Amino acid sequence: MAEVGNELQRHAAEEHQAQTDGFHLVIDALKLNGIENIYGLPGIPVTDLARLAQANGMRVISFRHEQNAGNAAAIAGYLTQKPGVCLTVSAPGFLNGLTALANATTNCFPMILISGSSEREIVDLQQGDYEEMDQLAIARPHAKAAFRVLHAEDIGVGIARAIRAAVSGRPGGVYLDLPAKLLGQSMEAEKGRKSLIKVVDPAPRQLPAPDSIDRAVELLKGAKRPLILLGKGAAYARADEDIRALVEKTGIPYLPMSMAKGLLPDTHPQSASAARSYVLAEADVVLLVGARLNWLLSHGKGKTWGKPKQFIQVDISPTEMDSNVAIAAPVVGDIGSCVSALLDKIGNNFAKPGAEWINAVDERKDKNLAKMAETLAKDTSPMNFHSALRVLKDVVKANPSIPFVNEGANTLDYARAVIDMYEPRKRLDVGTWGVMGVGMGYAVAAAVETGKPVLAVCGDSAFGFSGMEVETICRYNLPICVVVFNNNGVYKGIDKNPTGGSDPAVTMFVPGARYDKMMEAFGGVGHNVTTPQELEAAVNEALRSGKPTLVNAVIDPAAGTESGRLTNLNPQSSASK
Ligand code: ADP
Ligand code: TZD
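Note that this is a predicted model, so its numbers are computed, not measured.

Tell me what's going on with the site of ligand 1, and back it up with residues and numbers.
Lining the immediate environment of ligand 1, one finds 20 residues, of which Arg170, Lys232, Arg292, Asp315 and Ile335 sit closest. Within the backbone of Lys232, an N or O atom sits 2.7 Å from an oxygen atom of ligand 1. With respect to ligand 1, the side chain of Arg292 contributes an N or O atom lying 2.8 Å from an oxygen atom. Notes on ligand 1: free accessible area 580 Å², of which the protein chains cover 95%. For the shell around ligand 1, the class distribution of residues is nine nonpolar, six polar and five charged.

Residue-level account of the pattern of salt bridges, with values.
What the rule picks out here adds up to 19 salt bridges. Across the salt bridge formed by Glu471 and Arg64, the nearest N and O atoms sit 3.0 Å from each other. Here Arg64 lies in the loop between β3 (59–62) and α4 (66–80) and Glu471 lies in helix α21 (residues 470–475), a separation of 407 residues in the sequence. Here Arg64 falls in the partly exposed class, since its relative accessible area comes to 42%. In this structure, Arg170 and Glu320 form a salt bridge, with 2.8 Å as the shortest nitrogen-oxygen distance. Highlighted residues: Arg170 in the loop between α8 (155–167) and β7 (173–179) and Glu320 in the loop between β12 (310–315) and β13 (329–332), separated in sequence by 150 residues. Overall, the relative accessible area of 9% leaves Glu320 in the buried class. Through salt bridges with shared partners, a single network forms among Arg64, Glu471 and Arg475.

Can you break down the pairing of strand β17 (residues 480–486) residue by residue, with the values?
Burial within β17 is extensive, with seven of its seven residues counted as buried. Burial along β17 is two-sided: the residues Ile480, Val482, Val484 and Asn486 and Cys481, Val483 and Phe485 are all buried. Inspection of the sheet shows strand β16 (residues 454–459) paired to β17 by six bridges, in the parallel sense. Paired with Leu455 across the two strands is Cys481, which belongs to β17. Across six bridges, β17 lies against strand β19 (residues 549–554) in parallel orientation. Looking at the pairing, Val482 lines up with Leu550 of β19.

Outline the domain arrangement of the protein chain, supporting the account with residue identities and numerical values.
Annotation of the protein chain at the domain level lists domain 1 (19–195), domain 2 (210–363) and domain 3 (378–576). The gap between the C-alpha centroids of domain 1 and domain 2 is 37 Å. At the interface, 15 residues of domain 1 touch eleven residues of domain 2. Buried area between domain 1 and domain 2, both sides added, is near 1000 Å², and the carbon and sulfur share of it is 50%. When the area that domain 1 buries against domain 2 is broken down by residue, the three leading residues are Tyr78, Gln81 and Arg170, summing to 58%. At the surface where domain 1 touches domain 2, the tally comes to one salt bridge. Counting the contacts that link domain 1 with domain 2 gives five residue pairs in polar contact (both at pLDDT 80 or more). Contributing elements (two or more residues each) for the side of domain 1 that touches domain 2: α4 and α5 (91–107). Broken down by class, the residue content of the side of domain 1 that touches domain 2 amounts to eight nonpolar, six polar and one charged.

Talk me through the packing of α4 against helix α19 (residues 439–450); I want residue IDs and the actual numbers.
Between α4 and α19, the least distance of the axes is 7 Å, while the angle of their chain directions is 45°. The angle between α4 and α19 falls in the class oblique. Our pair here, α4 against α19, has a crossing hand that is right-handed. Along its contact with α4, which presents Asn68, Asn71, Ala72, Ile75, Ala76, Leu79 and Thr80, the element α19 presents Gly441, Tyr442, Ala445, Ala446, Glu449 and Thr450. Of the residues assigned to the contact of α4 with α19, the class counts are seven nonpolar, five polar and one charged.

Please give an account of unusual backbone geometry that cites residues and values.
With an omega dihedral of 5°, the bond running from Ile44 to Pro45 counts as a cis peptide bond. Relative to the elements of secondary structure, Pro45 occurs in the loop between β2 (37–40) and α3 (47–55). Between Ser381 and the following residue, Pro382, the backbone shows a cis peptide bond with an omega angle of 0°. Within the secondary structure, Pro382 sits in the loop between α16 (355–377) and α17 (385–398). Backbone geometry at Glu131 places phi at a positive 45°, although glycine is not the residue there. Following the sequence through the fold, Glu131 ends up in the loop between α6 (120–124) and α7 (135–139). Residue classification places Glu131 among the partly exposed positions, given a relative accessible area of 22%. Unlike most non-glycine residues, Ser563 shows phi in positive territory, near 60°.

Mind laying out the site of ligand 2, listing which residues take part and the relevant values?
Around ligand 2, the surrounding shell holds 17 residues, and the nearest of these are Asn410, Thr411, Gly434, Asp460 and Ala462. Within the backbone of Met436, a nitrogen or oxygen atom sits 3.2 Å from a nitrogen atom of ligand 2. Between ligand 2 and the protein, one listed contact pairs an oxygen atom with a backbone N or O atom of Tyr491 at 3.2 Å. Elements with a contribution of two residues or more to the shell around ligand 2: α18 (410–418) and α20 (460–466). Considering each element in turn, the shell around ligand 2 owes the most residues, four residues, to α20. Broken down by class, the residue content of the shell around ligand 2 amounts to eight nonpolar, eight polar and one charged.

So, how was this worked out
- Residues numbered from 1 in each chain as written.
- Chains lettered and ligands numbered in written order.
- Predicted model: local features only at pLDDT ≥ 70, side-chain atom pairs only at ≥ 80, totals over all residues.
- Heavy atoms only, no water.
- Near = heavy atom within 4 Å.
- Polar contact = N/O pair within 3.5 Å; in protein donor to acceptor, adjacent residues only side chain to side chain.
- Areas by Shrake-Rupley, 256 points an atom, 1.4 Å probe, with all protein chains shown as cover.
- Nonpolar A, V, L, I, M, F, W, Y, C, P; charged D, E, K, R; others polar.
- Salt bridge = Lys/Arg side-chain N within 4 Å of Asp/Glu carboxyl O.
- Helix = DSSP H or I, 4+ residues; strand = E, 2+ residues; numbered from the N terminus.
- Buried < 20%, exposed > 50% of the residue type's maximum accessible area, 1.4 Å probe, protein only.
- Pairing = 2+ DSSP bridges.
- Domains from an automatic or database assignment.
- Contact = heavy atoms within 4.5 Å.
- Buried area = accessible area lost by both parts, 1.4 Å probe.
- Axes fitted to C-alpha atoms, helices over the stretch in contact; angles between N-to-C directions.
- Parallel < 35°, antiparallel > 145°, perpendicular 65-115°, else oblique.
- Left-handed = near helix turned anticlockwise from the far one by under 90°.

As C-alpha cells, then:
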C-alpha cells in the first residue's frame, strides 16, 4: 500500500513538474534575457510574482512607494543599457509607478513597468473590480510602447517586445499589463519553455548615412568657433573612448550637459563648462551629441545663443532634428557608430580651432574659475551651499567612481557647477523634467547595480519626496550616504506668511528639523553637522564604513534663491509687478 502511495505521489509530482504557469513564465522570460533585478512593491495580484522571483534567484528590492521603485528601475536602465524592471500592483500602485515611467520616457531611459491588473471583462464593462482601472489606456501616452498579455503562451512575446521597445532606437519606458488571471494560467512546461524568446541584438547598431557624415565634417572643418555639446544620450551610449578621441583629435572646446559630466573629466583642458555662457553665445558651429535642444538649452535660440550658428546633431531619433531650430547637418544613428564614422572621416589632419577662439574661451574660464575658488574658500557660519559643497567637491575627487545622486533647486544648481565629475555615468540627477523625488530611488538602484557606495546630495524639499525609502536603504543595508542640505524650506527657509497669520509661508518647513533621526529610526547612522569640517568627516566615515547614513547638513536658511537658477521660468503675478 505504501508503495502505491509513493508511486501516486511521484506521478503527481511529475505531472506538477510538467506544468508551468504565468508567474514562472514571466520570471523565466526576464531571466532568459539577462534581467536580474526587480524594483517593486508587492500586493494583489503580484505578491507571489515577487516572491517567486526572489525564490528563483532574482534580486527583488521592495520599496515603500512605487514611484521610488520606478525611478530605481529607470536609472538601472540608464546605468546598464538593459531595461530596469518595476513591478506594481493594480490601479493606485500602477499610477504611483506611472510618474516614474513617464520620467523614464522623457529622459530616454529604458525601463519596463510591469503592473498587475484586473480582468479585461470587468474593466471594460466597468463593473467595479478591486483596484479596477483601464491601465493600458492610461499608460500608453506616457510610454514609448504599451502591451497587454492575455494568454500564458504569449508571455514570451510580450516580454521580448517590451525589452526591444525599451532599448532599441531612442530608449524609453514601456508598460506591460499582466492581468491577475494570466499569472495563474498554467500550461505544459515544455511548451512554455519553447514559447520564451531570447531577444537577439535588442538595440541594433544604426549606422549613419555616409553623406550625413561628409556634410557634418565639412561644416565642422569650416567652423571658426566650433563647440561640442555632450548630452546624457552620449553618456548612455557608452562610446566613451571614441567621444574622448573626437574631442581631443579636433581640439574643439566641449560642454557637458548635467548628466554627461564626467564623460571626460570635468578638469579636462578642453572643458568649457566654466565659460558656458560665452561659448553658447559665441560659437558658430555646434556639434550636439546625444543632447536635445530643449528648455535646458534655451531651445537653441534667443539671447543665450547670441551670434547666429549652425548645428550638427548626432541622435538616434530622426524626428529630433529641426525640433526647435534648423539642423544644418543631421547625423542619424547610434552614437557609437556615428562618432566612430566622424572620427574616420576626420582622420588625423583635422585643423584644430584657431588660437583666437581657444584663448578667448580659456580667458573666460580662468576668470570664472578664480571667482568660483574665491566663493568656495569663504568659511561662512552658518554653512551656505558653497562652503558645504567645497568639501563634497573634494570627497568626489577622492572617490571618482562612486555614483553621485543630486536633486533640489539650489542644491542641484550649485552642486552641478561646483562638483567636478571624473568618470562617465556617475552623476545622476533630476534630468529633463527637473523632477524632485528621484533621489532615493536613484540611490538605491545605483548601489544595487554598481555595487559601489553612493553619495546622494538632496535639498530638504527634494529629499522629502522619497525620504521614506531610508527604511529600504537600511533594510537592504545599502552603502548609501544621503546628505540633506537643510535650509528649512523649499529654496530657502525664511519666507513669511504675507497675512501675518499663524500658518507658515507656503515654502517653509519645520525649522531645525533633524532628518538624520529618520535614518537612525531604522538602524542606520545619523549625523547632524553645522560646519564643513563636520560634513566632510561624516561623509568620509559613511563612505568608509558603507553603513546607511544620513547627514543632516544645516545650511543658512537665507542662503538659497527662488527656484535656484531657474528664476526666469516663474510666471509673474500681475499684482507683484
Ligand atoms: P541632455 O538632457 O543631457 O541634454 P537629452 O536627454 O536631452 O540629453 O538628449 C538625449 C538624446 O540622446 C535623445 O535625443 C536621444 O534620442 C539620444 N540618444 C539616446 N541614446 C542614444 C544612442 N545610443 N545613440 C544616439 N542617440 C541616443
Ligand atoms: N514637484 C516635483 C515633482 N518636481 C518639482 N520640480 C517641483 C515640485 C518644484 N520644485 C522644484 O523645481 S525645486 C523644488 C521644488 C518643490 C524643491 C527645492 O527645494 P530644496 O532645494 O529644499 O529641495 P534647495 O537647495 O533648498 O533650493
